[in-house]
Amino acid sequence: MEHHLAVASVPIQPWGQIYDSQTALKRGTIFQDLDMPFYAADDGGAAGCCLGVSGGSDPQQQERERLMLDISQVCFTVDDLRLYLDTHPQDVQALGMLKDHLAQRRQLLAEFAQRFYPLTMDCMAECGQREPGACYCWQEGPMPWEGACV
């Protein structure tokens with residue numbers, strides 16, 4: 001029995017129009033040209049999306065959720081840019097956008113750590129007004145499966 005190999009052809013993705021971070025997270029891509037909903041009538045899921053600030057009437061909880069949403073949005077953009085740059089490492093515009101969003105990510109993570117608790121190991125030095133020995137404070141944040149910021 002003779003086997004033939006298939007030849008795949010994958011077009012190189014061009015740089016195109018970019019969504020803002022909030023829209024990108026809702027649509028599942030930063031690239032407008034790649035936004036192809038599964039169903040023709042799909043509006044991208046924005047209406048049924050549960051992303052947003054609820055927090056009830058507790059202002060501190062609302063602020064934590066707002067910051068978490070901002071962090072999620074910028075991290076999503078960073079991840080999508082990294083995937084693009086894996087195949088387009090010389091794209092100066094994408095590299096500049098990545099650097100800007102990485103700086104924004106660092107700032108948001110530091111702000112969250114100073115005000116609430118660290119989200120990553122990189123945030124351990126940003127524990128606000130705590131004593132130096134009290135900065136290893138993971139126990140102050142929720143476990144990932146708890147689904148809340150409190």
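First things first, this report covers the structure right here in the doc. It should be emphasised that the depicted structure is a prediction, and the values quoted were computed from it without experimental measurement. (Residues numbered from 1 in each chain as written. Predicted model: local features only at pLDDT ≥ 70, side-chain atom pairs only at ≥ 80, totals over all residues. Heavy atoms only, no water.)

**Points about the overall build of the chain**
Helices and strands together make up the secondary structure of the chain, namely three helices and zero strands. In the chain, the order of α-helices and β-strands from amino to carboxyl end is α-α-α. By residue count, 32% of the 150 residues in the chain fall in the buried class. Across the chain, the fraction of contacts at a sequence separation of at least 24, relative to all contacts at a separation of at least 6, is 45%. Total accessible area computed for the chain in this model is approximately 10,200 Å², and 56% of it derives from carbon and sulfur atoms. (Helix = DSSP H or I, 4+ residues; strand = E, 2+ residues; numbered from the N terminus. Buried < 20%, exposed > 50% of the residue type's maximum accessible area, 1.4 Å probe, protein only. Contact = heavy atoms within 4.5 Å. Areas by Shrake-Rupley, 256 points an atom, 1.4 Å probe, with all protein chains shown as cover.)

**Section: helix H3 (residues 92-115)**
What sets the pattern is the α-helix's 3.6 residues per turn: residues three or four places apart point alike. Its 24 residues place the ends of H3 35 Å apart at the C-alpha level, agreeing with the 34 Å of an ideal helix rising 1.5 Å per residue. Inspection of H3 places Ala94, Met97, Leu98, His101, Leu108, Leu109, Ala110, Phe112 and Ala113 among the buried residues, and these make up the whole buried set. Contacts made by the buried residues of H3 are with helix H1 (21-27) and helix H2 (59-87). Measuring from the backbone nitrogen of Gln93 back to the side-chain oxygen at the start of H3 gives 3.1 Å, which picks out Asp91 as the cap. (Expected span 1.5 Å × (residues − 1). Polar contact = N/O pair within 3.5 Å; in protein donor to acceptor, adjacent residues only side chain to side chain.)

**Digging into the packing of aromatic side chains**
Throughout the structure, instances matching the rule amount to four aromatic pairs. On the numbers, 5.7 Å between centres and 85° between planes, the contact of Trp15 with Phe31 is edge-to-face. With Trp15 in the segment before H1 and Phe31 in the loop between H1 and H2, this residue pair connects regions lying 16 residues apart in the sequence. A residue is classified by how much of its surface remains accessible, and Phe31, at 4% relative accessible area, is buried. Geometrically, the ring pair formed by Trp15 and Tyr84 is edge-to-face, given 5.1 Å between the ring centres and 65° between the ring planes. Here the residue Trp15 occupies a position in the segment before H1, and Tyr84 occupies one in helix H2, the gap between them amounting to 69 residues. Note on Trp15: relative accessible area 21%, which makes it partly exposed. (Phe/Tyr/Trp six-rings, centres within 6.5 Å; stacked < 30°, edge-to-face > 60°.)

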